[in-house]
Amino acid sequence: MKISEVATKVGLPISTLRYYEKMGIITEEYILREENNYRNYVPEIIQYIEVVKNCLAVGFSIQDIKDMIAKHGMSRDEQARIIHHKIAEIEDAQKKMEASKQSLYEILDMNITCEDGFGKT
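A few points on the structure. Predicted, not measured: the structure shown is a model, and the values here were computed from it. (Residues numbered from 1 in each chain as written. Predicted model: local features only at pLDDT ≥ 70, side-chain atom pairs only at ≥ 80, totals over all residues. Heavy atoms only, no water.)

**Describing the environment of Phe-60**
- If you trace the backbone, Phe-60 turns up in the loop between helix 3 (45-57) and helix 4 (62-70).
- When the C-alpha atoms of Phe-60 and Ile-82 are compared, they prove to be 10.0 Å apart, with 22 residues separating the residues in sequence. (Helix = DSSP H or I, 4+ residues; strand = E, 2+ residues; numbered from the N terminus.)

**What about the packing of helix 1 (residues 3-10) against helix 3?**
- Helix 3 packs onto helix 1 with a crossing angle of 50 degrees between their chain directions and a minimal axis gap of 10 Å. Considered as vectors, helix 1 and helix 3 are oriented oblique to each other. Where helix 1 crosses over helix 3, the handedness of that crossing is right-handed. For the pair helix 1 and helix 3, the contacting residues are Val-6, Lys-9 and Val-10 in the first and Ile-45, Ile-46, Ile-49, Glu-50 and Lys-53 in the second.
- Of the residues contributing to the contact of helix 1 with helix 3, the split by class is five nonpolar, no polar and three charged. (Axes fitted to C-alpha atoms, helices over the stretch in contact; angles between N-to-C directions. Parallel < 35°, antiparallel > 145°, perpendicular 65-115°, else oblique. Left-handed = near helix turned anticlockwise from the far one by under 90°. Contact = heavy atoms within 4.5 Å. Nonpolar A, V, L, I, M, F, W, Y, C, P; charged D, E, K, R; others polar.)

**What to know about a nonpolar patch on the surface**
- A cluster of nonpolar side chains, namely Leu-104, Ile-107, Met-110 and Ile-112, defines an oily patch on the protein surface of about 370 Å² accessible area.
- Tracing the chain through its elements places Leu-104 in helix 5 (residues 76-109). (Patch = residues over 30% accessible without salt bridge, like charges linked within 9 Å, V, L, I, M, F, W, Y side chains within 5 Å. Areas by Shrake-Rupley, 256 points an atom, 1.4 Å probe, with all protein chains shown as cover. Salt bridge = Lys/Arg side-chain N within 4 Å of Asp/Glu carboxyl O.)

**What to know about helix 1**
- Regarding helix 1, the residues found buried are Ile-3, Val-6, Ala-7 and Val-10. Looking straight down helix 1, one finds its buried side chains confined to an arc of 100 degrees; they lie on one side. Those residues of helix 1 that are exposed and angled more than 90 degrees off the buried face are Thr-8 and Lys-9.
- Buried residues in helix 1 make contact with helix 2 (14-23), strand 2 (39-41) and helix 3.
- Positive backbone phi, at 70 degrees, marks Gly-11, one or two positions downstream of helix 1. (Buried < 20%, exposed > 50% of the residue type's maximum accessible area, 1.4 Å probe, protein only. Arc of directions from axis to C-beta.)

**Structural notes on the nonpolar core**
- One finds Leu-17, Tyr-20, Ile-26, Ile-45 and Ile-49 to be the most contacted residues of the largest nonpolar core, which totals 24 residues.
- Secondary structure elements with two or more residues in this core: helix 1, helix 2, helix 3 and helix 4.
- No other element matches the six residues that helix 3 contributes to this core.
- Every residue in contact with Tyr-20, bar those within four places of it in the chain, is listed here: Leu-12, Ile-25, Ile-26, Ile-49, Val-52, Leu-56 and Ile-62. (Core = buried A, V, L, I, M, F, W, Y, C linked by side-chain atoms within 4.5 Å.)

**As for the pattern of salt bridges**
- Under the defined criterion, the tally for this structure stands at nine salt bridges.
- A salt bridge links Arg-33 to Glu-21; the nearest nitrogen and oxygen atoms lie 3.0 Å apart. Taken as a pair, Arg-33 in strand 1 (residues 31-33) and Glu-21 in helix 2 lie far apart in primary sequence, 12 residues in all.
- Residue classification places Glu-21 among the buried residues on the basis of a relative accessible area of 13%.
- In this structure, Glu-89 engages Lys-86 in a salt bridge whose closest nitrogen and oxygen atoms are separated by 2.7 Å. Residue Glu-89 and its partner Lys-86 are both found in helix 5; the two are separated by three residues, about one turn of the helix.
- The network of salt bridges with shared partners includes Glu-21, Arg-33 and Arg-39.

Treat this as a map of the structure, not an account of what it does.
Shown next as structure tokens:
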């Protein structure tokens, strides 16, 4: 498959796929090079990119994904540990967001207005 076909099937711009390749997210096992050095991608790239997209969607960074790829496989326990760590990060972020929201409600309750100048009651 040409890069344009892959981009269409996974719903990503070609530039993103090139970026993933440059960053080492798309590895050589998914790329076949023609004599003219054009890339042809193996069909398995579609499922692979969907996994990458899902990892990014739940908060893993490009570096996190690169680290997981570099392991060339991982045990179920290690996979569970990584996922539990990401869950803990999300829960921590939720707590911080809840605290921020509560602070905003407190500001509303203080009846501060900006009509007479910023922060004056």
